[in-house]
Structure formats: structure tokens, C-alpha cells
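Residues per chain, in single letters:
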Amino acid sequence: GEDVEQSLFLSVREGDSSVINCTYTDSSSTYLYWYKQEPGAGLQLLTYIFSNMDMKQDQRLTVLLNKKDKHLSLRIADTQTGDSAIYFCAEPDASGGSYIPTFGRGTSLIVHP
Amino acid sequence: DAGVTQSPTHLIKTRGQQVTLRCSPISGHKSVSWYQQVLGQGPQFIFQYYEKEERGRGNFPDRFSARQFPNYSSELNVNALLLGDSALYLCASSLSGQGGFYEQYFGPGTRLTVT
């Protein structure tokens, strides 16, 4: 089965860039997700990248995909205190045709003023 | 439009009891999925329903069951509660649940505490 790994914590200063890393195991994944969970809330799809892409940029967010190393990263430029949250990397489990996302343990991003 | 709603928000139960959690998907969404999120972990998939039929099941014991109603709302039932069932239970809805890329929209969750 799929196994997604992430570092547990990241602390940055407001205005700096944040880089959250993730490794995944299923080389056949056709896309990968990044979700954000704010305290006391459900998950929100932040962005995604298809496996035929190496990079995707969306405003302050940049996603890099290294398929050879099965490594995914999320860069947040000009990090703000409102970006403090838990960030989950996820890949779809294609078994059974349902493509249910399999989540990592999440990286807690703490932004200091 | 309202997002995914879940009820209740919080719940405290005793070991051995049974619990029912409820979820209403976004209007027009036909698929509902349930996840368990234990503190400090990522969400773990429990069930997916599409058009009232079970389309996927995670690695959870038979004490967990679910169903989807004709209006696409869903219930998750857990029998014979254990302390380890204490978690945030998340519901997610999507337009479809089959094949390819689709976006799931998550509700705020139900916090279940088993004492």
C-alpha cells in the first residue's frame, strides 16, 4: 500500500519562505495533493499537481515534483501568521477505482511574527 | 451554498456504547467519504459511498458501519466503543467518486471522546 512521509514540524519567521517536504511510495500516482488544516477545522485542498508536471505555481505557492526520487515539496513565499496550520501531503490510492487520498502525518507550520 | 455539515460537533461516550455521526454533503455531490483522524496523525480512510452504494472500505473493524440515504446524506455508526476510537471524524463530499482526479470538500468534523 501507499505510505506518505513528512517531517512533523517547521518553524519560520513571518516574511520568510517555508518549504514543506514529502516522500511518497507509489510511482504510478497520476497526481498528488497538498491539504491544509487550520486548528479546529476540517481539511482544505490547497493545491495539487499532476504527475506529468515538474512544477506548479499558484500565487504564493510553488509545488515541485521529483518523480525519480518520489519527492514532493510545497514552498510558501512571504509566509504570514495566517499560514500557521498543519499541511498534509496525499497521494491517491487507485485500488478499487476510488482514488481515495492517503495522507501523511502532516507538518505543523508555526510562523513567528 | 452551504459546505459540508456534520453533527454533532462534539460527543462524549462511554466504552461499550454506540454512536451515530451524521454528514450532509454539498448540494449536488453524490459521493461521501468518512475519515478518522487521531490526534497527531493524518486522516485514515474508513468508507466511501457513491449513489448510496459502498465503493470503498478502509482497514477498520466491523464495529464501524455506514450508509448513504437517497438525499446523499450519510451516517457513520460505531458499536462497542473503545478508548482508541477517540478521534476527529471527518466527512468529505465530492461530485463523483470514481476514477481520475476529483476534489473532496471536507466538513469541520465531529470530535468523539470515549471515556
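The structure under discussion appears in the preceding block.
This report concerns the structure included in the present document. (Residues numbered from 1 in each chain as written. Chains lettered and ligands numbered in written order. Predicted model: local features only at pLDDT ≥ 70, side-chain atom pairs only at ≥ 80, totals over all residues. Heavy atoms only, no water.)

The secondary structure content of chain B amounts to 0 helices and 11 strands. Along chain B, helices and strands appear, N-terminal first, in the series β-β-β-β-β-β-β-β-β-β-β. On C-alpha atoms alone, chain B measures out to a radius of gyration of 13 Å, which is about the 13 Å that the 2.2 N^0.38 rule sets for 115 residues. Dimensions of chain B along its principal axes, counting C-alpha atoms only, are 40 × 30 × 30 Å. Expressed as a percentage of the 115 residues in chain B, the buried residues total 50%. Looking at chain B alone, contacts between residues at least 24 apart form 54% of all its contacts between residues at least 6 apart. Split by element, the accessible area of chain B, about 5400 Å² in all, is 50% carbon and sulfur. The centroid of the 10 positive side-chain charges in chain B is displaced by 7 Å from the centroid of its 8 negative side-chain charges. (Helix = DSSP H or I, 4+ residues; strand = E, 2+ residues; numbered from the N terminus. Rg over C-alpha atoms; globule rule 2.2 N^0.38 Å. Buried < 20%, exposed > 50% of the residue type's maximum accessible area, 1.4 Å probe, protein only. Contact = heavy atoms within 4.5 Å. Areas by Shrake-Rupley, 256 points an atom, 1.4 Å probe, with all protein chains shown as cover. Lys, Arg positive; Asp, Glu negative; His and termini not counted. Charge placed at Lys NZ, Arg CZ, Asp CG, Glu CD.)

Another point: the interface of chain A and chain B. The parts lose accessible area when they come together, and the size of an interface is often stated as this lost area. Contacts between the two partners involve 21 residues from chain A, matched on the other side by 23 residues from chain B. Roughly 1600 Å² of surface becomes buried between chain A and chain B when both sides are summed, with 57% attributable to carbon and sulfur atoms. Here chain A and chain B share 0 salt bridges between them. Our count for the chain A to chain B interface comes out at 1 residue pair in polar contact (both at pLDDT 80 or more). Put simply, the parts of the chain that give the side of chain A that touches chain B at least two residues each are β4 (31–37), β5 (43–50) and β10 (100–103) of chain A. In the side of chain A that touches chain B, the residues fall into 13 nonpolar, 7 polar and 1 charged. (Buried area = accessible area lost by both parts, 1.4 Å probe. Salt bridge = Lys/Arg side-chain N within 4 Å of Asp/Glu carboxyl O. Polar contact = N/O pair within 3.5 Å; in protein donor to acceptor, adjacent residues only side chain to side chain. Nonpolar A, V, L, I, M, F, W, Y, C, P; charged D, E, K, R; others polar.)

Residue and element names in this part refer to chain B. Note: strand β1 (residues 5–7) against strand β3 (residues 19–24), 3 bridges, orientation antiparallel. Note that in β3 the partner of S7 across the bridge is R22. In this structure, β3 lies alongside strand β8 (residues 74–78), joined through 5 bridges in antiparallel fashion. The residue of β8 that forms the bridge with R22 is E75. (Pairing = 2+ DSSP bridges.)

The next subject is the state of the cysteines. Within the structure shown, the criterion is met by 2 disulfides over all chains. What pairs with A:C22 in a disulfide is A:C89, and their sulfur atoms sit 2.0 Å apart. Disulfide A:C22-A:C89: torsion about the S-S bond near -60 degrees, hence left-handed. Here A:C89 lies in strand β9 (residues 85–93) and A:C22 lies in strand β3 (residues 18–23), a separation of 67 residues in the sequence. This pair shows no difference in class: A:C22 is buried, exactly as A:C89 is. Two residues, B:C23 and B:C91, share a disulfide whose sulfurs are 1.8 Å apart. Judged by the torsion about the S-S bond (-60 degrees), the B:C23/B:C91 disulfide is left-handed. Placement of B:C23 in strand β3 and of B:C91 in strand β9 (residues 87–94) is noted, with a sequence separation of 68 residues between them. B:C91 shares its class with B:C23; the two are buried. (Disulfide = S-S within 2.5 Å.)

What follows covers the pattern of salt bridges. In total, this model carries 11 salt bridges over all chains according to the counting rule given. The salt bridge partner of A:K36 is A:E38, with a shortest N-O separation of 3.3 Å. Here A:K36 falls in the buried class, since its relative accessible area comes to 10%. Classification of A:E38 as partly exposed rests on a relative accessible area of 36%. The residue A:D69 makes a salt bridge to A:K68 at a minimum N-O spacing of 3.7 Å. Judged by relative accessible area, which is 47%, A:D69 ranks as partly exposed. One connected set of salt bridges, linked through shared partners, spans B:R22, B:R67 and B:E75.

Everything listed is a geometric property; what it means functionally is a separate question.
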